[in-house]
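# Geometric and topological summary
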Amino acid sequence: MNTQGRHIQLIGICIGLLAAAIVLAMTGERETNAKSGPMLSECDGRIRSIAIQYVRGADFAAPVYRQFLGELPADVTVYAVCPDRESFEELQSRMGAESSRKASPPRRPRAIVTGHPMTAWSRDRWISLRPGRHESAGTLVASRGENGGQIWPQRQGDQRIAEDLARAIGRGATRSGLYFDGGDFLADSQCVFVAPGAISRNVQHTCGDESELSEIVRRQLGLRPILLRDAPDHHAGMFMMAAGDGRVVVCDPKLAKGLLAPVELPGGADFSESTQRRFDSVAAAATAAGYRVTRIPCVPSCDGKTYITFVNGIIDQRDGRRTIYMPTYQGQARLNAAGQRVWENLGYRVVPIDVTSTFRYFGTLHCLVNVIEKD
Amino acid sequence: MWRSRLITLIVWAAGTFALALACGIPAVSNAVNESGAAGWTTTVLNPRICANGIELTVTTADPATQPSQGAGHESNQVVKFVVRALNLTDRSATGHFTFQMTSVAPTSPIARVMPVPTEIWKDSGTVALDAGQSKTFTFTSPPLAEKRIFTLILAGGDQSIPMLTLSPQKNGAIAVSQ
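Just so it is clear, the model here is predicted, and its values are computed rather than measured.

### Focus: the overall build of chain B
In terms of helices and strands, chain B carries two helices and nine strands. Counted from the first residue to the last, chain B has its helices and strands arranged as α-α-β-β-β-β-β-β-β-β-β. Out of the 178 residues belonging to chain B, those deemed buried represent 44%. Look at the contacts in chain B between residues 6 or more apart in sequence, and 64% of them connect residues 24 or more apart. If you sum the accessible surface of chain B, you get close to 9000 Å²; carbon and sulfur atoms cover 57% of it.

### Remarks on the environment of Ala128 of chain B
Residue and element names in this part refer to chain B. Its place among the elements puts Ala128 in strand β5 (residues 118-129). In this structure Ala128 comes out as partly exposed when scored by relative accessible area, which is 48%. The spacing of Ala128 and His96 is 32 residues in sequence and 8.8 Å in space, taken between C-alpha atoms. Apart from the residues within four sequence positions on either side, Ala128 is in contact with Ala93, Thr94 and Lys135.

### Re the sheet that holds strand β17 (residues 369-374) of chain A
Residues and elements named next belong to chain A. Pairing within the open sheet is mixed, and its four strands lie in the order β3-β2-β1-β17. In this open sheet, the two strands that pair with only one neighbour each are β3 (110-113) and β17. Taken pair by pair, the neighbouring strands of this sheet meet at an average axis angle of 25°, ignoring direction. Each of β1 (47-53), β2 (77-82) and β17 is contacted by helix α2 (residues 62-71), which is oriented at about 165° to β1, the strand it contacts most.

### Topic: the confidence of the model for chain A
With 94% of its residues at a pLDDT of at least 70, chain A reaches an overall mean of 92. A low-confidence stretch, residues 28-34 of chain A stays under pLDDT 50, and its non-local contacts, those more than four residues away or across chains, total eight contacts.

### Re a nonpolar patch on the surface
A contiguous nonpolar patch, built from Trp2, Leu6 and Ile10 of chain B and spanning about 360 Å² of accessible area, is present on the exposed surface. Mapped onto the fold, Ile10 of chain B is located in helix α1 (residues 2-31).

What counts and what doesn't
Residues numbered from 1 in each chain as written. Chains lettered and ligands numbered in written order. Predicted model: local features only at pLDDT ≥ 70, side-chain atom pairs only at ≥ 80, totals over all residues. Heavy atoms only, no water. Helix = DSSP H or I, 4+ residues; strand = E, 2+ residues; numbered from the N terminus. Buried < 20%, exposed > 50% of the residue type's maximum accessible area, 1.4 Å probe, protein only. Contact = heavy atoms within 4.5 Å. Areas by Shrake-Rupley, 256 points an atom, 1.4 Å probe, with all protein chains shown as cover. Pairing = 2+ DSSP bridges. Axes fitted to C-alpha atoms, helices over the stretch in contact; angles between N-to-C directions. pLDDT = per-residue confidence, 0-100. Patch = residues over 30% accessible without salt bridge, like charges linked within 9 Å, V, L, I, M, F, W, Y side chains within 5 Å. Salt bridge = Lys/Arg side-chain N within 4 Å of Asp/Glu carboxyl O.

Here you go:
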């Protein structure tokens with residue numbers, strides 16, 4: 001081959017490489033642009049949309065939805081994820097029954113019918129990430145696997161809800177490589193608190209140790225992780241809540257001791273020193289991370305899962321003021337008032353939501369409602 | 001003449017372009033796999049726990065039931081565990097370990113979470129090994145009831161790791177996972 005022929009080959013190679021470089025750079029840029037934002041803060045921003053789940057006969061959840069949806073500002077979009085049309089119609093009829101007693105028109109949640117078994121607990125199914133710089137909508141992150149899915153058909157169905165919901169509302173969904181319940185993570189705009197369940201389910205299973213877990217959480221949720229290894233063995237939202245401006249509210253059983261009215265709890269109230277220590281460890285971890293900590297009364301039960309708690313609420317921030325939809329309990333006027341005072345002293349408007357029908361199933365309002373989008 | 005040169009140029013450019021893309025695109029995708037939990041997490045096939053330089057791993061006795069997601073274990077509702085202890089240090093070492101098996105089932109299909117698991121079996125022991133020495137021992141689980149989840153937890157030093165999760169199936173098999 002002559003010199004001219006080799007030059008032509010060389011020019012061809014250069015053109016090919018240049019074109020490939022341009023295409024790869026564009027692909028790379030698109031992929032980078034797809035980077036999601038951080039996990040939604042519990043306490044910052046105006047709620048734009050939420051998801052609830054409902055299954056036929058979920059009598060424990062209906063009264064809470066009735067009150068909460070009745071109080072929620074009208075501009076919040078509510079998606080109701082149901083296994084079938086009948087469940088959605090039952091939910092509608094219950095919402096209507098409540099709304100007929102109010103002046104406001106009945107709220108009409110938008111139905112998302114999944115066609116598979118599920119529970120009525122929305123919060124643990126996925127975590128919502130804010131849209132990234134170049135995204136128009138955020139991403140829902142589901143766990144690698146639901147705890148108990150092996151023997152619990154409803155829980156197995158729950159595993160698919162992030163995808164069902166994302167498909168229906170035009171958002172992205174992704175499955176994390178980590179095992180978690182959504183309630184294992186609790187975030188403000190700076191940090192994400194990680195409950196013991198997410199630590200024990202991942203260390204030596206999806207990562208080598210806690211520092212590796214921290215790094216994965218930081219990358220996936222876009223916030224500084226604070227691992228609560230000595231916390232009560234429950235979801236974070238049962239024992240603490242982010243309050244904004246570098247403050248967290250942490251449960252304190254000893255504050256409830258003198259206020260608890262007689263109530264039947266599984267195994268009785270647990271005011272033991274060992275349990276108290278676990279709650280105190282959460283306060284200590286938050287303080288060590290630079291947070292100001294406010295304590296609030298709480299009654300854990302001896303079964304370790306049934307709590308009378310005032311942090312398991314939903315926070316909405318609009319027009320410069322934060323509102324907490326705070327769980328309250330029938331027959332516990334003194335405790336309810338004490339919980340309300342704590343939030344009011346922090347400048348919150350408090351909207352009480354009676355959760356007497358749900359708390360014996362190990363969760364209350366925050367566990368039933370998952371916030372999809374905030375401003 | 002000019003036409004054949006143009007064709008040569010196009011052929012070389014297209015070939016180079018295709019080759020470069022084939023090599024380059026996977027690298028770009030992996031590098032920014034945001035959802036990519038798979039790129040950030042791993043699947044630890046044999047969880048291990050270490051106390052005082054002694055490392056313990058646990059597997060089920062049947063090779064077909066190496067702990068992996070969804071593996072099935074034909075059994076009459078008991079499982080035989082193989083524990084391998086290895087001294088990772090260059091001197092004699094002694095580690096103290098506690099084995100605990102817990103059992104749990106949903107209290108109600110509508111509950112938010114499982115209740116706190118109940119301890120059904122517990123044992124503890126000390127393993128003494130020379131430098132680099134390893135030792136294997138076995139034990140059998142108590143009978144495992146259907147529709148429950150059983151977890152084998154090992155504690156040693158300041159760690160406590162749920163090593164294996166077992167869930168007996170209707171057909172008598174026991175699914176073993178981590």
